[in-house]
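Structural overview
Here are the chains, one letter per residue:
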Amino acid sequence: MSDRRRDPEGVRARALEAAIEEFAERGFETGSLRAIARRAGLSQPLISYHFGSKEELWKEVKREVVRRANERLLLEIKRAKGEDPVLSLMRAFFDFAEAEPLARRIGMWAELAGDTDFEGEAALLRWVVGLVERAQAAGILRDDIPAEHLIWIFRSAVYDWLNNRARICEVFGWDPTRPDLDEHFLASMRRMGSK
């Protein structure tokens, strides 16, 4: 039986979206099932019925963040056939991170709490490492830095850029309304990894 037939009112989806909002705003420790229920317009017992506990709901939120990132990256890689695969991958990750500020905040809260076990993330990262290693072997990317390091440097730079773009522009005197600011950032990151 499909989830839709077992959950015709979309309770799980509503609760999950409300949990993403609550945990992104307040973190796991401070976020509450009561507040999630209020956000979703559901009862707390109904959320507990579908997810079991606050801990299980938090795990589901982290799985959903990884699922959305994976979906976005795969879609972009398929769409970008014939284009620069590295730049396509970088743009897909950047677009996901920009479009999903709540996912970035979930990640930051998890890091602060020392709870960085995101189910599915390791497999996704290994897949990306494979793409980067192939680009290194083809001479597209520098091969003097391990693929894992290149990925993590890029991830960290993107998160910092998106979380602090206004401050970075202020510090360096850049125009924050410049229409190609993000493209310029991505091109700079791509050049840093180029051979």
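Attention in this report is confined to the structure presented alongside it. (Residues numbered from 1 in each chain as written. Predicted model: local features only at pLDDT ≥ 70, side-chain atom pairs only at ≥ 80, totals over all residues. Heavy atoms only, no water.)

Some details on a nonpolar patch on the surface
- On the surface, Val171, Phe172 and Trp174 cluster together to form a nonpolar patch covering roughly 340 Å² of accessible area.
- When its relative accessible area of 40% is taken as the criterion, Trp174 is described as partly exposed. (Patch = residues over 30% accessible without salt bridge, like charges linked within 9 Å, V, L, I, M, F, W, Y side chains within 5 Å. Areas by Shrake-Rupley, 256 points an atom, 1.4 Å probe, with all protein chains shown as cover. Salt bridge = Lys/Arg side-chain N within 4 Å of Asp/Glu carboxyl O. Buried < 20%, exposed > 50% of the residue type's maximum accessible area, 1.4 Å probe, protein only.)

Description of the side chain of Lys54
- When you line up the elements, Lys54 lands in helix α5 (residues 54-79).
- Buried charge without a partner: Lys54 forms no salt bridge, and the closest opposite charge is Glu29, 5.8 Å away. (Helix = DSSP H or I, 4+ residues; strand = E, 2+ residues; numbered from the N terminus. Lys, Arg positive; Asp, Glu negative; His and termini not counted.)

Examining the environment of Cys169
- Examined against the element boundaries, Cys169 turns out to sit in helix α9 (residues 147-172).
- Beyond its immediate sequence surroundings of up to four residues, Cys169 is in contact with Trp174, Pro176 and Leu181. (Contact = heavy atoms within 4.5 Å.)

What about the pattern of salt bridges?
- Throughout the structure, instances matching the rule amount to 19 salt bridges.
- Here Arg39 and Glu21 are joined by a salt bridge, their closest N and O atoms 3.6 Å apart. In this pair, Arg39 sits in helix α3 (residues 33-40) while Glu21 sits in helix α2 (residues 11-30), placing the two residues 18 residues apart along the sequence.
- Here Glu21 falls in the partly exposed class, since its relative accessible area comes to 34%.
- Note that Glu183 and Arg91 form a salt bridge whose closest N and O atoms lie 2.7 Å from each other.

Let's talk about the packing of α3 against helix α4 (residues 44-51)
- For the pair α3 and α4, the least separation of the axes is 9 Å and the interaxial angle reads 105 degrees. Comparing the axis directions of α3 and α4 gives the class roughly perpendicular. Across from Leu33, Arg34, Ile36 and Ala37 in α3, the residues of α4 making contact are Gln44, Ile47 and Ser48.
- Residues that form the contact of α3 with α4 fall into these classes: four nonpolar, two polar and one charged. (Axes fitted to C-alpha atoms, helices over the stretch in contact; angles between N-to-C directions. Parallel < 35°, antiparallel > 145°, perpendicular 65-115°, else oblique. Nonpolar A, V, L, I, M, F, W, Y, C, P; charged D, E, K, R; others polar.)

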